[in-house]
Every structure is written in C-alpha cells, then in structure tokens.
2 protein chains.
Amino acid sequence: VAEARRPDTTFWVEPGAVRGDGLTLDREESRHLLRVHRAHPGTPFEAVDGEGGTFHCVLESAEDGLARGRVERVERDRGELRATIHLLVGIPEPGAAESLVEHAVPLGAGLLDFVACERSGRPALGPARLDRLIRLARSGVKQSKRSRLPVLRSSDSLASAVALAPPGTRLAADPGGGRLEIEANEAGQPAVTLAIGPPGGFSDPELGVLQGGGFRLISLGPNRLTSQTAAVTLLAVCRNALLDHRLWSI
Amino acid sequence: VAEARRPDTTFWVEPGAVRGDGLTLDREESRHLLRVHRAHPGTPFEAVDGEGGTFHCVLESAEDGLARGRVERVERDRGELRATIHLLVGIPEPGAAESLVEHAVPLGAGLLDFVACERSGRPALGPARLDRLIRLARSGVKQSKRSRLPVLRSSDSLASAVALAPPGTRLAADPGGGRLEIEANEAGQPAVTLAIGPPGGFSDPELGVLQGGGFRLISLGPNRLTSQTAAVTLLAVCRNALLDHRLWSI
C-alpha cells in the first residue's frame, strides 16, 4: 500500500485558486489526484500555477470532489530558463503545430506565435485551435517540470509578429544564412527571438521584414527540413547555448 | 502547361536498378512520376539510391508503367554530413519511435538503434516494425535531400548496442551529467554516438555500461524531456557543431 506516496505527477492550479497557505484544484485535476492517484488527507502532492509558482502541498480535504491542499513550501520559477526564448513559426499543418508545442514547451519556449506567412496558405489560428494548443502547452509544463505557461498566439502577418518581438538577439532560419553560433554576449541577453518560415519558407518581402527587424539569417545545414523540425532544431541549439548549469537543480 | 518542368520531388531508385547511364524506377515510384507529376519522355527528374548516389535524369520511356531514365549527371553524398552520427535510443512507444525517425533522418542521423533497455518494458523491435520505420526513413531521405539511407536496427540490450558503436566521440543524456559542449577535436571525429534512455531513463547498471564504454554523461537542462524530445535535442546540437559550412551547397 503506497497511499501516502507523493504522486510522480504535477497538478495544475489556477492562480486565483491559491489563497494564503491553501489551494484548491479544479474538478478535473481533483479527480485525477483523488481517483487515479488515490490520494487521501495527508498525501503530499505538488501543483504549478503557470505563473512561476510551484506549490508543495499536503492534501487536507476532498469534499464535494474538490481537492484542497495546505501549501508547505513555494518554489519560484522552477525549471525555467534565465533567458526567454520566443518562437515565431509560419503556420504549418495542424498536426505539425501540435507536435511542435509538445516539443517546444519542455524545451523552454516562453512564447509561440503561429504566424500566417505569405506561404502558409492559412489565416491566423482561431480561438478554438489556440485553446487546443494551450491545453497541450499546459500538459507540457506539468510533464516537463516547468512552472510558467508559455504565451500562445497567432499573428496575421510576419510584420505584426516582428513588431511584438522583445529586444534582444534575433535569429531567422534561412537556407542562404550563415552559421548558427550564439556569441557569449548574445547568450547574456534577456530574450532571444527565433523565426522559422512556413512550409515553402519565407517570401522575399518577409526576408526583408526580418532583416529590417534586426534578425540575423542562419542556416541549419544542407538538408530540407520541415518547419517543425527546423523550429525544434533552432530552439534546441539556442536552449543549449543559454543553459547555465549553475542555475538549476533537478 | 508545365509538363516538362522538373518535379520538385526526389524519386527512389534501388541501387541494382542503375546500370551504366540508365536507371529504372520501381512500379510505385514510376506511377508517382508518370501519373502524379505527368512526366513524359524528355521530362527531367532526380532519383537517389540511398547509398550516396543522386542521379539527375531525363525520362526516356514509360513502357509497361515503368519509368526509365537516362542519367545525365551523378552527385555523390549530396546532403550528407561529413561525420556520421549514430543514435542509440531506448525504445519509446510506437508513435514516438516513428516521429523520431521523421525528425532524425532529415537531421542527418546515419544509424538509429532502438534499444530494448531495462526500463523500456518492450522487447527489441521485430521485422515488421523495423520495415515500417525503414519506409519512413526512405521518405525522409527523399524529402530532406539526403542521399544515404540510415541504418535502422533494434538491439536487445544496451550492452550489445554499445559493443557495435564506432570509435569516436560518445555522449549519453543523463540528468546528472555535465554541460553539453562539443570540443573542436571532437567535432573533427569521423563518428559521434549519442545515447538516450527510454521513458524512465537508463538504469544504474546501464549507466555503468555507458561509462565503461567511454560515454560522457551530459545534461540537456533542468526539464524532464521525453525520450523523443531528448533525442532530437541532442542530435540537433551535435549536428550544428559538426556542420562545416564550406562543405555544402543547396
């Protein structure tokens, strides 16, 4: 019998459901904790709020099917990179967008903007599609032991996506670009923005928008990559360059 | 009418079907060239044999539904990295294995070994599963403009997979490892072998096998990654370190 064992799962708690040293999981998360993990009062568990808070709790009560926990310890920004990585990706087909979220969230992306580029052949994603991607992102935050939910949005042009990009290093994938290297002074920037074209790549006017916006064009090698593989590759290389091994513990 | 335009597709040709300056596509590839792309005698097309040959051809005849081409130019090792990257991955669930092939082939993996690790909870993959993965790999070679078909195999233990690994740099992903950096002398090695555990990670005896085999343990950061995301990340970082921008043209 392992009823009081801490579940090897992180639960989601809405920020508004944390009050002082107590929190309440919603009905779905409560059911998961109480039914699937058979928690009872006294069982330890952890919850994240997607705004940087990780709450180490003990289950206090389970009335009306809602799990209420006492917060014993709070961690800030567990599993978050020091630098923010924003990803602007030309909208690919729906399955590729979902798969990209599943890879990019554990790899630390702080924002994913699915951009309706000239060659996307699709308008910006609507609320239903974005909601679905946000649910996947939430699941990725829990599974990967992050604590911040990335922003998910869909811009209706590359120009409007670039206008919203934060100051800092800016890189765009392009077969004609140079070698992908992150300089030491770039690794110290608070934000890195990465741009990857849709299937078919950026148009020439879009390449002009990127270069006008201070994006350095970099090549990912001699092969034709899908938007999804290119995005994960660029994110993985930048993440690795930005990792500071003194700053995390598992 | 664009009937004589070169299809933006690479076709597959079995090495035995190339003779002198002529080649014959198999029935399926022929149908694709003749029906989908509406090629007729005189249409240029290109084919790869998966053994390093890329054949720039002109369609000569289409009798009995078989496309026969005249080879006008042969390229060797187009789209191949100078160094070979071998990937040993603890067997994940079937969908993740397929998705990994779809990412890893365009990124230049020369070998994928799906290893029945202690925590895989699965035996080595049988011939039907491997055949399915090989078909995906072939498709990836064509789409990504590579010319060599990676080796796909499934070892029944990590020890037997490690025994087959080529000399050269050896890295294994482990949360307790050090920083992932490829040294200049490592980037010059002819082969790099990367090991990634199954869901749940390597067991302690397996970590012993890796360290005994000269694998350096490296960490991919503070987050829990799936085997698939970890494998693509490690491959992407190594690929980028090994790229020599003087050696390719697109």
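Throughout, a residue's number is its position along its own chain's written sequence, starting from 1. Written order determines the labels here, with chains lettered from A and ligands numbered from 1. In view of the model being predicted, local features appear only for residues whose pLDDT reaches at least 70, and side-chain atom pairs are presented and counted only at 80 or more, with totals across whole chains, interfaces and linings using the full set of residues. Values shown for side chains rest on all heavy atoms present in the structure; no hydrogens or waters enter the calculation.

Chemist: Whenever I open this one, the relation of the copies chain A and chain B confuses me. Can you help?
Modeler: For the pair of chain copies, the relating transformation is a rotation about an axis with a translation along it. Between chain A and chain B, which share one sequence, the superposing operator has a rotation angle of 180° and an axial displacement of 0.0 Å; the RMSD is 0.0 Å. Such a combination of rotation and displacement between the chain copies is what one expects of a two-fold axis. Closest to the rotation axis within chain A is the C-alpha of Val237 of chain A, separated from it by 2.5 Å. Interface residue correspondence from chain A to chain B reaches 100%, placing this contact among same-surface, isologous pairings. Alignment of the copies relies on least squares applied to C-alpha atoms, considering only residues that score at least 70 for pLDDT in both. We call two residues in contact when some of their heavy atoms are within 4.5 Å.

Chemist: For this particular structure, what's the right way to read the pattern of salt bridges?
Modeler: A pair can form between side chains of opposite charge whenever their charged atoms are brought close. Residue and element names in this part refer to chain B. When a carboxyl oxygen of Asp or Glu lies within 4 Å of a side-chain nitrogen of Lys or Arg, that pair is called a salt bridge. For the structure on display, the rule yields 24 salt bridges over all chains. Where Arg70 meets Glu60, a salt bridge forms, and the shortest distance between an N and an O atom there is 3.5 Å. Of this pair, Arg70 sits in strand 6 (residues 68-76) while Glu60 sits in strand 5 (residues 53-61), and the two are 10 residues apart along the sequence. Under the relative-accessibility criterion, Glu60 is labelled partly exposed at 44%. Numbering of helices and strands starts at the N terminus; helices are DSSP runs of H or I of at least 4 residues and strands are runs of E of at least 2. Each residue is assigned to one of three classes by its accessible area relative to the maximum for its type, calculated with a 1.4 Å probe on protein chains only: buried under 20%, partly exposed between the two thresholds, exposed over 50%.

Chemist: Help me understand the sheet that holds strand 7 (residues 84-90) of chain B in this model?
Modeler: Sheet strands line up and pair through hydrogen bonds in the backbone, either parallel or antiparallel. Residues and elements named next belong to chain B. If DSSP finds at least two bridges between two strands, the strands pair. Strand order across the open sheet formed by 6 strands is 9-8-7-11-10-12, with parallel pairing between neighbours. A strand with exactly one partner marks an edge of an open sheet, and here the two such strands are strand 9 (151-153) and strand 12 (216-218). Across this sheet, the average inter-strand angle for adjacent strands is 20°, counted without regard to direction. Fitted lines through C-alpha atoms give the axes, limited to the stretch in contact for helices. The angle between two N-to-C directions lies from 0 to 180 degrees. Each of strand 7, strand 8 (109-115) and strand 9 touches helix 2 (residues 94-104); the most contacted strand, strand 8, lies at about 165° to it. In the packing of helix 3 (residues 127-144) onto the sheet, the strands contacted are strand 8 and strand 9, and the crossing angle to strand 9 comes to about 155°.

Chemist: I keep staring at the sheet that holds strand 3 (residues 22-24) of chain B and nothing clicks. Help me out?
Modeler: Residues and elements named next belong to chain B. Strand order in the open sheet formed by 6 strands is 1-4-5-6-3-2, with mixed pairing between adjacent strands. Unpaired on one side and paired on the other, strand 1 (10-12) and strand 2 (18-19) mark the two borders of the sheet. The sheet contact formed by strand 5 and strand 6 spans 8 bridges and is antiparallel. Bridge assignment links Leu59 to a residue of strand 6, and that residue is Gly69. Across the sheet, helix 3 is in contact with strand 1 and strand 4 (44-48); its angle to strand 1 comes to roughly 145°.

Chemist: In this structure, what is going on with unusual backbone geometry? I would like to understand it.
Modeler: The phi torsion of most residues other than glycine is negative, and most of the peptide bonds are trans. The backbone of Asp77 of chain A sits at a positive phi, close to 55°, despite the residue not being glycine. Within the secondary structure, Asp77 of chain A sits in the loop between strand 6 (68-76) and strand 7 (84-90). At Arg38 of chain B, a residue that is not glycine, the phi angle is positive and equals roughly 50°.

Chemist: Just to check I follow, could you spell out the confidence of the model for chain A for this structure?
Modeler: Regions with low pLDDT should not have their predicted coordinates read in detail. Residue and element names in this part refer to chain A. Known as pLDDT, the predictor's confidence for each residue is given on a scale from 0 to 100. In this model, chain A carries an average pLDDT of 92, and 94% of its residues clear a pLDDT of 70 or more. A low-confidence stretch, residues 245-250 stays under pLDDT 50, and its non-local contacts, those more than four residues away or across chains, total 11 contacts. Confidence estimates for the predicted assembly give a pTM of 0.93 and an ipTM of 0.92.

Chemist: Please explain the interface of chain A and chain B as it appears in this structure.
Modeler: One frequent convention defines the size of an interface as the accessible area lost when the parts assemble. In this complex, chain A contributes 35 residues to the contact, which on the side of chain B involves 36 residues. Across the interface of chain A and chain B, roughly 3300 Å² is buried in total on both sides, 51% from carbon and sulfur atoms. What counts as buried area is the accessible surface, traced by a 1.4 Å probe, that two parts surrender upon association, with contributions from both included. On the chain A side of the contact with chain B, Arg179, Pro222 and Arg224 of chain A bury the most area, a combined 21% of that side's loss. Counting the contacts that link chain A with chain B gives 2 salt bridges. Close ionic contact of Asp8 of chain A with Arg224 of chain B constitutes a salt bridge, the shortest N to O distance being 3.2 Å. Throughout this description, a polar contact denotes any pair of N or O atoms lying within 3.5 Å of each other; where both atoms belong to protein, one of them has to be capable of donating a hydrogen while the other can accept it, and for residues adjacent in sequence the pair is counted only when both atoms sit in side chains. Summed over the shared surface of chain A and chain B, the result is 26 residue pairs in polar contact (both at pLDDT 80 or more). Looking at the side of chain A that touches chain B, the elements that each hand over two or more residues are helix 2 (94-104), helix 3 (127-144), strand 10 (169-178) and helix 7 (227-242) of chain A. Of the residues forming the side of chain A that touches chain B, the biggest block, 9 residues, is contributed by helix 7 of chain A. We call Asp, Glu, Lys and Arg charged. Ala, Val, Leu, Ile, Met, Phe, Trp, Tyr, Cys and Pro are nonpolar, and the rest, Gly among them, are polar. Grouping the amino acids of the side of chain A that touches chain B by side-chain chemistry returns 14 nonpolar, 13 polar and 8 charged.

Chemist: Explain the pairing of strand 8 of chain B to me, please; I cannot follow it from the model alone.
Modeler: The side chains of a regular strand alternate, residue by residue, between the two faces of the sheet. Residues and elements named next belong to chain B. Among the 7 residues that make up strand 8, 6 are buried, leaving the element largely enclosed by the rest of the structure. Here strand 7 pairs with strand 8 via 6 bridges, running parallel. Bridge assignment links Leu88 to a residue of strand 8, and that residue is Asp113. As paired strands, strand 8 and strand 9 are joined by 3 bridges and run parallel to one another. Paired with Asp113 across the bridge in strand 9 is Arg153. Throughout, right-handed denotes a crossover for which the path from the first strand over the helix to the second runs clockwise when the strands point away from the viewer. Handedness of the crossover is the feature at issue here: the chain leaves strand 8, passes through helix 3, returns alongside strand 9, and the resulting connection is right-handed.

Chemist: I'm lost on helix 6 (residues 204-212) of chain B in this one. Help?
Modeler: An α-helix turns once per 3.6 residues; consequently, residues spaced three or four apart project the same way. Residue and element names in this part refer to chain B. Taken together, the buried positions of helix 6 are Glu206, Leu207 and Leu210. For helix 6, the angular spread of the buried residues around the axis is 100°, confining them to a single face. Among the exposed residues of helix 6, those oriented more than 90 degrees off its buried face are Asp204, Pro205 and Gly212. Taken from the residues just after helix 6, Gly214 is the one with a positive phi, measuring 80°. Of all possible arcs, the one meant is that of the directions from the helix axis to the C-beta atoms.

Chemist: Sorry, what's going on with the packing of aromatic side chains here?
Modeler: Think of a pair of aromatic rings as described by two things: how far the centres are apart, and how the planes are tilted against each other in angle. Residues and elements named next belong to chain B. Each aromatic pair joins two rings of Phe, Tyr and Trp (for Trp, the six-membered one) with centres within 6.5 Å, and gets the label stacked for planes under 30 degrees apart, edge-to-face for over 60, and tilted for any other angle. Throughout the structure, instances matching the rule amount to 2 aromatic pairs over all chains. Consider the rings of Phe11 and Phe45, whose centres lie 6.1 Å apart with planes at 85°: the pair is edge-to-face. With Phe11 in strand 1 and Phe45 in strand 4, the pair connects residues that are 34 residues apart, well separated along the chain. On the basis of relative accessible area, Phe11 is assigned to the buried category, the value being 0%.

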